[in-house]
Amino acid sequence: MAKYENLSDTIGKMKRAAIDCWMADQSFYPNWGNDKIYAKWGWMLNFYNRPDENGNGGGDGNGVKDSCAAQFDEIRAAIDATVSPWLGLPDGSNCTTPRGMANSAAAQLGTSGVGASVQNSGGIDTSNNTVHEVVINRLEGQFRAPFLDKYYTQLSKVVHGLGDACAILEINYAAELSMWPAARTDVATICDNAREAWKQKADKAALANGTMVLTVVAAVAGAVSSIVTAGAGTVAAVAALGGVAALANSAVQGISAQAVISGDTYEQILGKLQESLGNLNDALRKQEQALGTMLSSAETTMRASLADYDLDAFALGSYPASDGSMRMDRSDTSMVSTNMTRIHTALGQASSALGSAPGGNPTPRNAVIGAGAGGTHYAATGLYALVARCLTITAAEYERGQKLFQATADDFFGADADAAHTVAALLADEALHADLGV
């Protein structure tokens, strides 16, 4: 089986096989007693020199009128023009780290179905539900409604939305991680099939025509669908970003491509080689375009409904800290504070896990391959930066809410003479950042 790592050697062998085939089209074959030259029908005395095993040289001759060197050069140039853009393809390994970072952040935020290796921590949901139960059942006061509206209900929406956005980032990196090893395999197989086809025709052997279904299509489709559709509570099943991911899954699943290497002459086989690599490139481009649309659509959706992904963009309602109806027990308020601390810690851990997008394109390639030299990098970087910024601001805003609750409780118990001023200061400090700077 041909290996992509040996593509340069394969190209050399392709050139010799193609020249052999072209010479056979002219009824010249390697001499029966000396395979370094071509003779008419394989035995006439007049001959042309054959290229070496790497396709170099040849074309001049003995006892023949004209040299074939120019034609040999044209054949080599045609193969170079067809195959050289496929040299230096990425292996996808640089997507491993950002995929793992997005995976870890999604799991910390409680998104399920991000991959078989991910265990939904559930920590934020558990603590958030505890906060809700204690406040709604054990505490009294008009502060409860605005407090729970922002720091329970809206927080839940924000956390799940950001988890889904992290899952979408992982979909992209998982697909790219699967795409490029498969693409390298496809390129190596297509080129070796062309070499074998030219060789068979030069040897007067019957060509076994076969259809090769490009593995890159199945690799990417599998990577996307395994994340989008695995298990209940997946990104495809929730909120606006679920629809974005589901559309990407549908688009990728609808792509198909194949390669067929056949023909009776050098030119026909060359045409099939070009067609097959073109089909491969179409598949790469369509899949990267589907991934890019998913990424940019997710970013657009987030920006259009920012309060669903950034807690600071959601306004706290009227918050009467001291209204005469408040009833609290210190053990209950301590339980709320403890669980809010856990939530804030988990948000910080998710933010740290996500980090920032790769500084450079993790899948560099020739600009004519796939969706261009940048691939999905720029769309992924835009979404990555937005999610990371929303996570950072959400964590900071939740910490402010935690301090607000603690100051409210301290004011009720008379534990801090400045508590009322702290409450007023925290309420006045609500920034509601509309411009995230990304």
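The rules we used
Residues numbered from 1 in each chain as written. Predicted model: local features only at pLDDT ≥ 70, side-chain atom pairs only at ≥ 80, totals over all residues. Heavy atoms only, no water. Helix = DSSP H or I, 4+ residues; strand = E, 2+ residues; numbered from the N terminus. Rg over C-alpha atoms; globule rule 2.2 N^0.38 Å. Buried < 20%, exposed > 50% of the residue type's maximum accessible area, 1.4 Å probe, protein only. Contact = heavy atoms within 4.5 Å. Areas by Shrake-Rupley, 256 points an atom, 1.4 Å probe, with all protein chains shown as cover. Axes fitted to C-alpha atoms, helices over the stretch in contact; angles between N-to-C directions. Parallel < 35°, antiparallel > 145°, perpendicular 65-115°, else oblique. Left-handed = near helix turned anticlockwise from the far one by under 90°. Nonpolar A, V, L, I, M, F, W, Y, C, P; charged D, E, K, R; others polar. Phe/Tyr/Trp six-rings, centres within 6.5 Å; stacked < 30°, edge-to-face > 60°. Salt bridge = Lys/Arg side-chain N within 4 Å of Asp/Glu carboxyl O. Lys, Arg positive; Asp, Glu negative; His and termini not counted. Pairing = 2+ DSSP bridges.

Trainee: Can you help me understand the overall build of the protein chain in this one?
Mentor: A tally of helices and strands in the protein chain yields 11 helices and 6 strands. Radius of gyration (C-alpha) of the protein chain: 32 Å, far over the 22 Å computed for a compact globule of 438 residues. In terms of overall dimensions, the protein chain has C-alpha extents of about 115 × 35 × 30 Å along its principal axes. Counting the 438 residues in the protein chain, one finds 49% classified as buried. Once local pairs closer than 6 in sequence are excluded, the contacts in the protein chain between residues at least 24 apart make up 76%. Counting every atom, the protein chain has about 18,300 Å² of accessible surface; 50% of that belongs to carbon and sulfur.

Trainee: Could you clarify how one ought to interpret the packing of helix α2 (residues 69-83) against helix α8 (residues 266-304) in this entry?
Mentor: The description of two helices packed together rests on the angle between their axes and the distance between the axes. Orientation of α2 relative to α8, taken along the N-to-C sense of each, is 15°, at an axis distance of 10 Å. Taken as axis vectors, α2 and α8 run roughly parallel relative to one another. Considering how the two elements wind past one another, α2 and α8 form a crossing that is left-handed. Of the residues in α8, those touching α2 at I75, A78, T82 and V83 are Y266, L270, L273, Q274 and L277. Of the residues in the contact of α2 with α8, the class split is 7 nonpolar, 2 polar and no charged.

Trainee: Would you take a moment to explain the packing of aromatic side chains for this structure?
Mentor: Each aromatic ring pair is specified by the distance between its two centres and by the angle formed by the two planes. Scanning all chains against the criterion turns up 11 aromatic pairs. Ring centres of W22 and F72 lie 6.3 Å apart, and the angle between their planes is 90°; on these two criteria the pair is classed as edge-to-face. Linking W22 in helix α1 (residues 7-25) with F72 in helix α2, this pair joins segments that are 50 residues apart in sequence. Here W22 matches F72 in class, with each residue buried. A ring pair is formed by Y38 and F72, whose centres lie 6.3 Å apart and whose planes are at 80°; its orientation type is edge-to-face. Placement of the pair is Y38 in strand β2 (residues 37-40) and F72 in helix α2, with a sequence separation of 34 residues. We classify Y38 as buried; its relative accessible area is 0%. With relative accessibility at 0%, the residue F72 sits in the buried group.

Trainee: Hey, could you run me through the pattern of salt bridges in this one?
Mentor: Side-chain pairs of opposite charge can arise whenever the charged atoms involved come near each other. On inspection of all chains with the given rule, the structure shows 19 salt bridges. Here D20 and R50 are joined by a salt bridge, their closest N and O atoms 2.5 Å apart. In this pair, D20 sits in helix α1 while R50 sits in the loop between β3 (47-49) and β4 (61-62), placing the two residues 30 residues apart along the sequence. With its nearest N and O atoms 3.6 Å apart, the salt bridge here joins R330 to D410.

Trainee: How should I be thinking about the side chain of E176 in this particular structure?
Mentor: Of note, E176 is situated in helix α5 (residues 144-202). One buried charged residue, E176, forms no salt bridge at all, with the nearest opposite charge on R365 at 4.0 Å. Once residues within four sequence positions are removed from consideration, E176 is found in contact with G92, C95, E288, L291, T363, R365 and T376.

Trainee: Sorry, what's going on with the pairing of β2 here?
Mentor: Here is the key point about a regular strand: its side chains alternate between the two faces of the sheet. In this structure, strand β1 (residues 28-30) lies alongside β2, joined through 3 bridges in antiparallel fashion. Bridging from a neighbouring strand, F28 pairs with K40 of β2. Between the antiparallel neighbours β1 and β2 lie 6 residues. Relative to β3, β2 runs antiparallel, the two sharing 3 bridges. Considered in β3, the bridge of I37 is made with N49.

Trainee: What should I look at first to understand the packing of α5 against helix α9 (residues 330-354) in this one?
Mentor: Running from N to C, α5 and α9 point in directions that differ by 20°, and their axes come no closer than 13 Å. What the angle tells us is that α5 and α9 run roughly parallel. Crossing hand, α5 versus α9: left-handed. In contact with F147, L155, V159, C166 and L169 of α5, α9 contributes M340, I343, L347 and L354. Considered class by class, the residues forming the contact of α5 with α9 number 9 nonpolar, no polar and no charged.

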